[in-house]
Amino acid sequence: MKRIKLTMSQALVKFLDNQYIECDGVESKFVSGIFGIFGHGCVVGVGQALEQGGHNLKFYQGKNEQNMALAAVAYAKQMDRKAIIPCVSSIGPGATNMVTACGCATANRIPLLVLPGDTFACRQPDPVLQQAEFFDNFGRTVTDSFKGVCHYFDRIVRPEQLMTACLNAMRVLTDPADTGAVCLAMPQDVEGEAYDYPEHFLQKRVWHLDRRPATAAQLERAAKLIKESKRPIIVCGGGVRYSGAENELLDFAKQCNIPITETQAGKGLIDWKDELNLGGIGVTGGLAANVIAKDADLIIGVGTRFSDFTTSSKWLFNEQRKVLAINVCPFDAYKMDAQAIVADAKETLLALKDVCATYKTAYSGEIKAAKEEWDKIVDEYYSTELPGGLNQTLALGIINEAMADCDIALGSAGSLPGDMQRLFRSKNSRTYHMEYGYSNMGYEINGALGAKLACPESEVYAFCGDGSFLMGHSELYTAVQEGLKINVCLFDNMGWGCIENLQNSQGTDTFGTVFRARNPVTGMLDGDEIDVDFAKIAEAYGAKGYTVRTSGELKDALEDAKKQSVSCLFDIKVLPKTMTPGFESWWRVGVAEVSESETVAAAWQDMQKHISETFDY
């Protein structure tokens, strides 16, 4: 057996450089670059290995560990989970900064590989700089915090352990049923230790995404449920995207005349103009999908994890409904007491089309009427200008109209995801990119960098509020550094408007959710408004900034931005509370059972009523 003497870090770099993935006969490189912020826990380990060359990995210099890892999440999502950018950090805060991004990746079923530095395996110089000591367990370090948010965790305390660690990491990262965040913690002394690695470990390795077909028995059970139903609906989830099953889903729906509803992860895969596409479903869904869903007798979930927003906290569907779940992940397939088809979405839909060849639903004109009504509502939101300033839904409509067919719309948190799932009209498949499994504030701008790295030929528009911008925008600087243009649509409503709405809707007066100065009289945060010039912040990074207060200014700015080669930020001053409301939906939150406020007490009573109408599993 031929061997080569390398440090653990050098072997890691060579291993990552030789990982490939194959799906449907198409082979592609799985790792082409690495994000990193160097510190004493990694700069002379992985940093040295990257610097000395002999590999084809492009190094991207992150500016904040959480934010660069969020960019890596967005990259993998935009690449349909067929490519990743691992993230390297030092020990201590550099490592734990990435924990949030790992939670985001795992919640969204997105592969993310983090490589945090760790304390010394030999323990000789302990406690080292940035080491948190745990008195009950000397072997515990802060990187143990990754265990709660990762699908696979390993700490490499000997250089030869790299081999089993890497193979298991790749097993999870390339498994559509078990993917999520993976952490390989690397003690800084071990990063520099050498071992005679077998050459075959470092050679090209191809990981195969083999499609799992549904069994004959599964198809028989599914066909029986479908044929017994009269008013089924399809819930199109993110698994449809990752399976590449949107055409098969549409063909099956058209053959059987089944209306299609969309989750945030499944939105945009089916043309919004299609006669069967009723749009978003659930808490952030629209009227058409939610009205039809209430009377449905069969819910066919395809690649969805049935989150509380999709099901309206399990209140949306009627008591007699049945559930059929097609999902490659057993954990998701068995939710809601569903008849589970644990299989690939594309393969299953192709097979169902054959076994349901003679089946038609009992819908007559209901689908068309619901869709036409909803389209008129969207048109109205997109065209109505309110007095006193620029309203949020009109601004969204103007941007939607200005975007080209291949442009990517990306968002994550606040009120904009609700507006976008309800109103946004994607012009092409895979141009709607919403991280809503974790609702990770601060994802938007950093995610836009990741999406741009994945699709450099497309314009990327990040939709965020002022609250999200303040939480994380460091990789705007990286976009400028890399010469990558991203467009940041910042809706400034001077606060966390979405949460203020939630607060008010549950009977509590506004408190702590708007951005105001401390009032010297009351001592509360209810003083003067704070006027922030976000456009100047962008310009300080080297981007182009626009301040927008009217619809005309927004249109002019969007047109001018198309001529720019640098990143652009639109500081859009919108009227507070001009987002869309809920449409025939309900969301369960923890309302106070005891309160001196009559409005809070009424909200608690309303919650009890809705709970009595939900199902428990």
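Look up: the structure comes first, before these words.
Residues numbered from 1 in each chain as written. Predicted model: local features only at pLDDT ≥ 70, side-chain atom pairs only at ≥ 80, totals over all residues. Heavy atoms only, no water.

**Remarks on the packing of aromatic side chains**
Scanning the entire structure with this criterion turns up 15 aromatic pairs. Judged by centre distance (5.1 Å) and plane angle (5°), the ring pair of Phe38 and Phe59 falls under stacked. You can see Phe38 sitting in the loop between strand E4 (33-36) and helix H2 (46-51) and its partner Phe59 sitting in strand E5 (residues 58-61), a full 21 residues away along the chain. Of the residues examined, Phe38 reaches a relative accessible area of 35% and is grouped as partly exposed. A residue is classified by how much of its surface remains accessible, and Phe59, at 29% relative accessible area, is partly exposed. Residue placement shows Arg321 over the ring face of Phe615; its charged tip is 4.0 Å from the ring centre. (Phe/Tyr/Trp six-rings, centres within 6.5 Å; stacked < 30°, edge-to-face > 60°. Helix = DSSP H or I, 4+ residues; strand = E, 2+ residues; numbered from the N terminus. Buried < 20%, exposed > 50% of the residue type's maximum accessible area, 1.4 Å probe, protein only. Lys NZ or Arg CZ within 6 Å of the ring centre and 35° of its normal.)

**As for the pattern of salt bridges**
On inspection of all chains with the given rule, the structure shows 29 salt bridges. Of the charged contacts in the structure, one is a salt bridge between Asp379 and Arg425, with a shortest N-O distance of 2.9 Å. Residue Asp379 is located in helix H16 (residues 366-383), and its partner Arg425 is located in the loop between helix H18 (416-423) and strand E19 (432-434); the two are separated by 46 residues in the primary sequence. Taken together, the shared-partner salt bridges in this structure form one network comprising Asp80, Arg241, Glu246 and Arg430. (Salt bridge = Lys/Arg side-chain N within 4 Å of Asp/Glu carboxyl O.)

**Notes on the nonpolar core**
Ranked by size, the top nonpolar core spans 97 residues in total, and within it Phe35, Leu112 and Phe146 carry the most contacts. Here this core gets 9 residues from one element, more than from any other, and that element is helix H3 (residues 65-78). Counting residues in hydrophobic clusters, the runner-up holds 92 residues, among them Leu219, Ala345, Ala370 and Val378. (Core = buried A, V, L, I, M, F, W, Y, C linked by side-chain atoms within 4.5 Å.)

**So, the environment of Ala216**
Here Ala216 shows up in helix H9 (residues 216-228). A residue is classified by how much of its surface remains accessible, and Ala216, at 64% relative accessible area, is exposed. The sequence separation of Ala216 and Ala351 amounts to 135 residues, and the corresponding C-alpha distance is 9.4 Å.

**Topic: the sheet that holds strand E16 (residues 322-327)**
Think of a sheet as strands paired side by side through backbone hydrogen bonds, with each pair either parallel or antiparallel. In space, the 6 strands of this open sheet follow the order E14-E13-E12-E15-E16-E17, with parallel pairing throughout. Among the strands making up the open sheet, the edge pair consists of strand E14 (277-280) and strand E17 (339-342). Across the sheet, the mean angle from the axis of one strand to that of its neighbour is 20°, orientation sign disregarded. Summarising the sheet, strand E12 (residues 232-236) and strand E13 (residues 260-262) pair through 3 bridges and their orientation is parallel. Its bridge partner lying in E13, Cys236 is registered against Glu262. Packing against the sheet, helix H15 (residues 345-355) makes contact with strand E15 (298-302), E16 and E17, and its axis sits at approximately 125° to E16. (Pairing = 2+ DSSP bridges. Axes fitted to C-alpha atoms, helices over the stretch in contact; angles between N-to-C directions. Contact = heavy atoms within 4.5 Å.)

**Some thoughts on the pairing of strand E18 (residues 408-411)**
Residue alternation in E18 divides its side chains into two sets, Ile408 and Leu410 and Ala409 and Gly411, and both sets are buried. As defined by bridge partners, E18 adjoins strand E20 (residues 460-465) across 3 bridges and the pair is classed as parallel. Its bridge partner lying in E20, Leu410 is registered against Ala462. Where E18 meets E19, 3 bridges bridge the pair, whose relative direction is parallel. Considered in E19, the bridge of Ala409 is made with Tyr432.

**Details of the sheet that holds E5**
Read across the open sheet, the 6 strands follow the order E5-E4-E6-E7-E9-E8; overall the sheet is parallel. Every other strand in the sheet has two partners, leaving E5 and strand E8 (152-155) as the edge strands with one partner each. Strand after strand, the sheet turns through a mean of 20° between neighbouring axes, direction not considered. Note that E8 and strand E9 (residues 181-187) share 4 bridges and pair parallel. Considered in E9, the bridge of Arg155 is made with Ala185. Contacting E4, strand E6 (87-89) and strand E7 (112-118), H3 runs over the sheet at an angle of about 170° to E6.

**Notes on the side chain of Asp144**
With respect to the helices, strands and loops of the structure, Asp144 is situated in the loop between E7 and E8. A polar atom in the side chain of Asp144 sits 2.8 Å from the backbone nitrogen of Thr141. Asp144 has contacts with Gly139, Phe153 and Arg155, leaving out every residue within four places of it along the chain. (Polar contact = N/O pair within 3.5 Å; in protein donor to acceptor, adjacent residues only side chain to side chain.)

**Here's the deal with the side chain of Asp17**
Here Asp17 is to be found in helix H1 (residues 8-17). Setting aside anything within four residues of it in sequence, one finds Asp17 in contact with Lys29, His55, Asn56 and Leu57.

**Comments concerning a nonpolar patch on the surface**
On the surface, Phe38, Val43 and Val44 cluster together into a nonpolar patch covering about 260 Å² of accessible area. Mapped onto the secondary structure, Val43 falls in the loop between E4 and H2. (Patch = residues over 30% accessible without salt bridge, like charges linked within 9 Å, V, L, I, M, F, W, Y side chains within 5 Å. Areas by Shrake-Rupley, 256 points an atom, 1.4 Å probe, with all protein chains shown as cover.)

**Examining unusual backbone geometry**
In this model, Asp126 is joined to Pro127 through a cis peptide bond whose omega is -5°. Structurally, Pro127 is set in the loop between E7 and E8. Of note in this structure, Glu584 is not a glycine but carries a positive phi near 55°. Looking at the element boundaries, Glu584 is found in the loop between strand E23 (568-573) and helix H25 (598-612). Given a relative accessible area of 39%, Glu584 falls into the partly exposed group.

**With respect to helix H23 (residues 534-541)**
Every buried residue of H23 is listed here: Phe534, Ala535 and Ala538. The arc that holds every buried residue of H23, seen down its axis, measures 105°, which confines them to one face. Along H23, exposed side chains directed more than 90 degrees from the buried face belong to Lys536 and Ala540. Buried residues in H23 make contact with helix H20 (466-471), helix H21 (475-482), strand E21 (487-492), strand E22 (544-548) and E23. (Arc of directions from axis to C-beta.)

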